[in-house]
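# Structural overview
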Amino acid sequence: LYNKKMKEKFGTSSYDYKYTNKDETLPRSVVRYFVDKYLVPSTKCLDLGAGAGRHSKYIAEKGVSVTAVDLSEVGISKTAEILKDFPGSSVVLADIHKLPFDDDSFDSLVCNRVLDYNDDAGLEVAFSEISRVVKSGGIVLLTVRSVSQPPKQDEVIGNENEHGGKSFQVAD
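The residue numbering used here restarts from 1 in each chain and proceeds along that chain's sequence as written. It should be noted that, the model being predicted, local features are given only for residues of pLDDT at least 70 and side-chain atom pairs only at 80 or more, the latter also being counted only at that level, while totals for whole chains, interfaces and linings use all residues. As a rule here, side-chain values cover all heavy atoms of the structure and leave hydrogens and water aside.

Once that is clear, we can look at the sheet that holds strand β1 (residues 44-48). Within a beta sheet, neighbouring strands are joined by backbone hydrogen bonds and run either parallel or antiparallel to one another. For two strands to be treated as a pair, DSSP must find no fewer than two bridges joining them. Under the scheme used here, helices are H or I runs from DSSP no shorter than 4 residues and strands are E runs no shorter than 2 residues, and both carry numbers assigned from the N terminus. In spatial order, the strands read β3-β2-β1-β4-β5; together these 5 strands make up an open sheet with parallel pairing. Of all strands in the sheet, those with a lone pairing partner are β3 (90-93) and β5 (134-143), marking the two edges. Here the strands of the sheet are splayed against their neighbours by 20° on average, with no regard to which way each runs. With 5 bridges joining them, β1 and strand β2 (residues 65-70) adopt parallel strand pairing. Here the axes come from fitting lines to C-alpha atoms, over the contacting stretch only for helices, and the angles between their N-to-C directions go from 0 to 180 degrees.

Below is the structure:
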């Protein structure tokens, strides 16, 4: 039920289209830096909001067991194909606000440009879930877009606070 509500609120149609029609294979430089500097082979990393798997693949190539999570069925399908040759890696269709993992399941977490799609209440839940599933002493990379960036083609600003902070959602 919660996944359905999140899909209705934020949508996945533009991302389903993107993952079907655009081939993003290169991980972002900040993710490469984080993985190369801080992640250790044979540990467990959660790629939260994995999309079509470009970061999950990079993490797995470094010998880290990655679990890729996304709300897009198309993205998860592409990620499953990418990770099929990496033992210990998995994909899960899930919502960042209700992660289907035990407490302290992961040594690290990568969440690249996913939190932008939350209002304040959604961020509180997402941060609580991240804190719950990452082990004490674990390492986390969270990236968000700059407030100076305009919405993407199929997005609208869902909320803007008095400090210029913005949250985005897929336009209806």
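Don't stop here, the text continues.
Let us look at the pattern of salt bridges. By convention in these notes, a salt bridge is any Lys or Arg side-chain nitrogen within 4 Å of a carboxyl oxygen on Asp or Glu. In the structure shown here, the tally under the stated rule is 6 salt bridges. Taking the shortest distance from any N to any O, the salt bridge between E129 and R132 comes out at 2.9 Å. Here the residue E129 and the residue R132 both occupy positions in helix α6 (residues 120-133), the gap between them amounting to 3 residues, near one helical turn.

A few words now on the packing of aromatic side chains. For Phe, Tyr and Trp, where Trp contributes only its six-membered ring, two rings pair if their centres lie within 6.5 Å, and the inter-plane angle classes them as stacked under 30 degrees, edge-to-face over 60, or tilted in between. Per the counting criterion, the structure on display carries 2 aromatic pairs. Between F34 and Y38 the ring centres are 5.8 Å apart and the planes differ by 45°, which places this aromatic pair in the tilted class. With F34 and Y38 both in helix α3 (residues 29-38) and 4 residues apart, this pair spans about one turn of that helix. Working definition: with a 1.4 Å probe on protein chains only, accessible area under 20% of the residue-type maximum means buried, over 50% means exposed, and in between means partly exposed. Residue classification places F34 among the buried residues on the basis of a relative accessible area of 5%. Y38 gets classed as partly exposed once you look at its relative accessible area, which sits at 40%. Here the aromatic rings of F101 and F106 are separated by 5.1 Å at their centres, their planes lie at 90°, and the arrangement is edge-to-face.

Time to look at the nonpolar core. To form a nonpolar core, buried Ala, Val, Leu, Ile, Met, Phe, Trp, Tyr and Cys residues must be joined to one another through side-chain atoms within 4.5 Å. Membership of the largest hydrophobic core comes to 17 residues, with the highest contact counts inside it found for L46, L48, V69, L99, F101, L109 and V133. Looking at this core, the elements that each hand over two or more residues are β1, β4 (106-112) and α6. Contact criterion: two residues are considered in contact whenever any of their non-hydrogen atoms come within 4.5 Å of each other. In this view, L46 contacts T67, V69, L99, F101, F106, S108, L109, V110 and V133; residues no more than four positions away in its chain are not counted. In this structure, F34, V35, V64 and V66 belong to the second largest nonpolar core, which totals 15 residues.

With that settled, consider unusual backbone geometry. The backbone of S42 sits at a positive phi, close to 70°, despite the residue not being glycine. Relative to the elements of secondary structure, S42 occurs in the loop between α3 and β1. Taking the relative accessible area as the measure of exposure, S42 reaches 70% and is therefore exposed. One non-glycine residue, D104, lies in positive phi territory at about 55°. With respect to the secondary-structure elements, D104 resides in the loop between β3 and β4. Judged by its relative accessible area of 43%, D104 falls in the partly exposed class.

Moving on: the confidence of the model for the protein chain. Residues with a pLDDT of 70 or more make up 70% of the protein chain, whose mean pLDDT is 82. Each residue carries a pLDDT score, the predictor's confidence in it, ranging from 0 to 100. The lowest-confidence element of the protein chain is helix α1 (residues 2-10), averaging 46 in pLDDT; the highest-confidence one is β1, averaging 98. Note on residues 1-10: pLDDT under 50 across the span, and 21 contacts to partners over four residues away in sequence or across chains.

Moving on, we get to the packing of helix α4 (residues 54-61) against helix α5 (residues 73-83). Contact pair α4 / α5: the axes reach a minimum separation of 9 Å and the direction vectors enclose 20°. Put simply, α4 runs roughly parallel to α5. Where α4 crosses over α5, the two elements pack in a sense that is right-handed. Across the interface between the two elements, S56, K57 and A60 from α4 touch T79, I82 and L83 from α5. Three classes are used, and their members are as follows: Ala, Val, Leu, Ile, Met, Phe, Trp, Tyr, Cys and Pro are nonpolar, Asp, Glu, Lys and Arg are charged, and the others, Gly among them, are polar. Of the residues assigned to the contact of α4 with α5, the class counts are 3 nonpolar, 2 polar and 1 charged. To sort the angles, those under 35 degrees are grouped as roughly parallel, those over 145 as roughly antiparallel, those from 65 to 115 as roughly perpendicular, and the leftovers as oblique. Crossing handedness: left-handed means the near helix sits turned counterclockwise from the far one by under a right angle, and right-handed means the same turn made clockwise.

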